[in-house]
Amino acid sequence: MKKLVKGLLLTAFWVSTAFTLPAFAGTKVVNCDEGDSLQAALDSGRGSAAPIEIELYGTCEEMITIPRDQVTIFGIDGATIFGQVRHFGVSNVTLRDLTITGPGNGILARGGRMRLIGVNLIENYDHGVRAHDGAAVNLSRSQVGNNGGPFGIVAHGSNVNLNFTDVYGHPEYGVAVTDNSVANINGGSITGNGEGVYGNNSVITVRDTWIGDNSGMGVSLAGSRGHLFDVTVSGNGSIGLYVNFTGSAAVYGGAIENNGGSGVLADMHAVFSLDGTRVESNGNHGIELVRDAGAIITGTSYVPANLSGLAAWCGDEESSLQVDEPAEVGDRDDCTDF
């Protein structure tokens, strides 16, 4: 009888353990070239709190939805997803070393948190990344290029962070953030777009980045706050840095040069400051202030006469310019001091 009871207890223990094991454990290999489904592998982990790790091979022609938290997908040997990757409110999602291309947005994020490391978002039919409703999307060492939508990256009420990421080849904006979004851009480049970076009622911080060769403006801040550290804004077809609708910009170091319009233009009660920044060889004025705008030039900033023949021009009596030594600003026209 004791042996029977002991056997029953052991059986009950193993049955109980089996039902409490994670639904998905270890690393799963998915090879779409051999008929595997990435979505099926993701769905097999539903209901478990254990992390999911997938090694992905081949080209997966699927519209992917990340169904839960703690998912990591490693691309191996040029793995590609031909279809949109979506997540709705899930967090701790990481995609590494793969390409996303084809129908829809490359990434569609609503809420939640996602990291992209070494991911190429190339030639998607819509935006490269679309984040909304409080999403946070972080891209490192990635490419966002030649997507069919008007924007490379667009955020509505969300956060986007770019680290050493290149954004290029979009008809309207490389990076657009609106509706109280926050963007942090560190390193990399934003080139060959309609305009480089656009903010509307948002906050944008850019460090050590080249924003150049866009057909329109380099950086445009509408009712937004911008902070630029050692940024080069160069070779854009229109204004280098445009601040309007009570927006503001603080520029530290770097250069705003060789743009088609004025180097910096502030409009409609906007203000900006330059601290140790060069503004030269722009197609119009170095600094242009209109409709009650203001600027403070400090540090080792250098603003010589640009191609208009003026370093600074003010379009109305309400606009004002303050220059603090040792900053150098060349000829000015109708600019009153603060």
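As a convention, each chain's residues are numbered from 1 in the sequence order in which they are written. The model is predicted, so local features are restricted to residues of pLDDT at least 70 and side-chain atom pairs to those at 80 or more, both for listing and for counting; the totals for chains, interfaces and linings are taken over all residues. Working from all heavy atoms in the structure, the side-chain values ignore hydrogens and water.

## Examining the overall build of the protein
Helical segments are the DSSP runs of H or I of at least four residues, strand segments are the runs of E of at least two, and each set is numbered from the N terminus. If you tally the helices and strands in the protein, you get two helices and 38 strands. The C-alpha radius of gyration of the protein comes to 26 Å, more than 25% above the 20 Å expected for a compact globule of 338 residues. Principal-axis analysis of the C-alpha atoms places the extent of the protein at approximately 105 × 40 × 25 Å. Throughout this description, buried means an accessible area under 20% of the type-specific maximum (1.4 Å probe, protein chains only), exposed means over 50%, and partly exposed covers the range between. Looking at the protein residue by residue over its 338 residues, the buried ones come to 52%. We call two residues contacting when some pair of their heavy atoms lies within 4.5 Å. Intrachain contacts of the protein at a sequence separation of at least 6 include 31% that bridge at least 24 residues. Within these notes, the globule rule equals 2.2 Å times the number of residues to the 0.38 power, and the radius of gyration is based on C-alpha atoms.

## Observations regarding the pattern of salt bridges
By definition here, a salt bridge exists when the distance from a side-chain nitrogen of Lys or Arg to a carboxyl oxygen of Asp or Glu is within 4 Å. One pass over the structure, following the stated rule, counts three salt bridges. The salt bridge partner of Arg 278 is Glu 280, with a shortest N-O separation of 2.5 Å. A residue is classified by how much of its surface remains accessible, and Arg 278, at 33% relative accessible area, is partly exposed. Here the salt bridges do not stand alone but share partners, grouping Glu 257, Arg 278 and Glu 280 into one network.

## Notes on the state of the cysteines
When two cysteine sulfur atoms lie within 2.5 Å, the pair is treated as a disulfide. Tallied over the full model, the rule gives one disulfide. Cys 32 shares a disulfide with Cys 60; S-S distance 1.8 Å. Between Cys 32 and Cys 60, the S-S dihedral sits near 85 degrees, and the bridge is therefore right-handed. Taken together, the residues Cys 32 in the loop between strand S1 (27–31) and helix H2 (38–43) and Cys 60 in strand S3 (residues 59–60) connect sequence positions 28 residues apart. According to the relative accessible area criterion, Cys 32 is buried, its value standing at 12%.

## Section: the environment of Asn 105
Take Asn 105: it is sitting in the loop between strand S9 (99–102) and strand S10 (107–110). According to the relative accessible area criterion, Asn 105 is buried, its value standing at 6%. Each C-alpha atom, one on Asn 105 and one on His 127, is 4.8 Å from the other, the two residues being 22 residues apart in sequence. For Asn 105, the contacting residues outside a window of four places in its chain are Gln 84, Val 85, Asn 124, Asp 126, His 127, Gly 128 and Arg 130. At 3.2 Å, the side chain of Asn 105 and the backbone nitrogen of His 127 are in polar contact. In protein, a polar contact requires one atom able to donate a hydrogen and another able to accept it; more generally it is a pair of N or O atoms within 3.5 Å, and residues adjacent in sequence count only if both atoms are side-chain atoms.

## A short note on the nonpolar core
Residues enter a nonpolar core if they are buried and are Ala, Val, Leu, Ile, Met, Phe, Trp, Tyr or Cys, with the set joined through side-chain atoms within 4.5 Å. Core analysis: the biggest nonpolar cluster contains 76 residues, and Leu 38, Leu 56, Ile 107 and Phe 272 have the highest contact counts within it. If we skip the residues at most four places from it in the chain, Phe 272 touches Ala 249, Val 264, Ala 266, Ile 287, Leu 289, Gly 294, Ala 295, Ile 296 and Ile 297. Among the nonpolar cores identified, the runner-up in size contains six residues, and Val 154, Tyr 173, Tyr 198 and Ala 222 belong to it.

## Description of the confidence of the model for the protein
The quantity called pLDDT is the predictor's confidence in a given residue, expressed from 0 to 100. For the protein, the mean per-residue pLDDT works out to 92, and 92% of the residues sit at or above 70. Between residues 1–25, whose pLDDT stays under 50, and residues either more than four places distant or in other chains, the model counts 13 contacts.

## Some remarks on the side chain of Glu 195
Relative to the helices and strands, Glu 195 is located in strand S20 (residues 195–200). Counted as positive: Lys and Arg. Counted as negative: Asp and Glu, with His and the chain ends omitted from the count. Here Glu 195 occupies a buried position and makes no salt bridge, while the nearest side chain of opposite charge, Arg 291, is found at 14 Å. Once you skip the residues sitting within four places of it in the chain, Glu 195 turns out to touch Glu 172, Tyr 173, Gly 174, Asn 214, Gly 216, Met 217 and Ser 220.

## Description of the environment of Val 219
When you line up the elements, Val 219 lands in strand S23 (residues 219–222). Residue class for Val 219 comes out buried when judged on its relative accessible area of 2%.

## Quick word on the packing of aromatic side chains
Between the rings of Phe, Tyr and Trp (Trp by its six-membered ring), a pair exists once the centres lie within 6.5 Å; its type follows the angle of the planes, with under 30 degrees stacked, over 60 edge-to-face, and the other angles tilted. This structure, assessed with the given rule, holds four aromatic pairs. Here, a charge over a ring is recorded when the distance from Lys NZ or Arg CZ to the ring centre is within 6 Å and its angle to the ring normal is within 35 degrees. Stacked on the ring of Phe 229, the Lys or Arg Arg 207 has its end atom at 4.1 Å from the ring centre.

## Some points on the side chain of Asn 282
Note on placement: Asn 282 falls in the loop between strand S31 (278–280) and strand S32 (287–290). What makes Asn 282 buried here is its relative accessible area of 0%. Setting aside its immediate chain neighbours within four residues, Asn 282 contacts Ile 256, Glu 257, Asn 258, Asn 259, Gly 261, Ser 262, Gly 263, Asn 306 and Leu 307.

## Some points on unusual backbone geometry
Glu 325 connects to Pro 326 through a cis peptide bond whose omega is 5 degrees. In this structure, Pro 326 sits in the loop between strand S36 (320–323) and strand S37 (328–329). One non-glycine residue, Ser 281, lies in positive phi territory at about 60 degrees. With respect to the secondary-structure elements, Ser 281 resides in the loop between S31 and S32.

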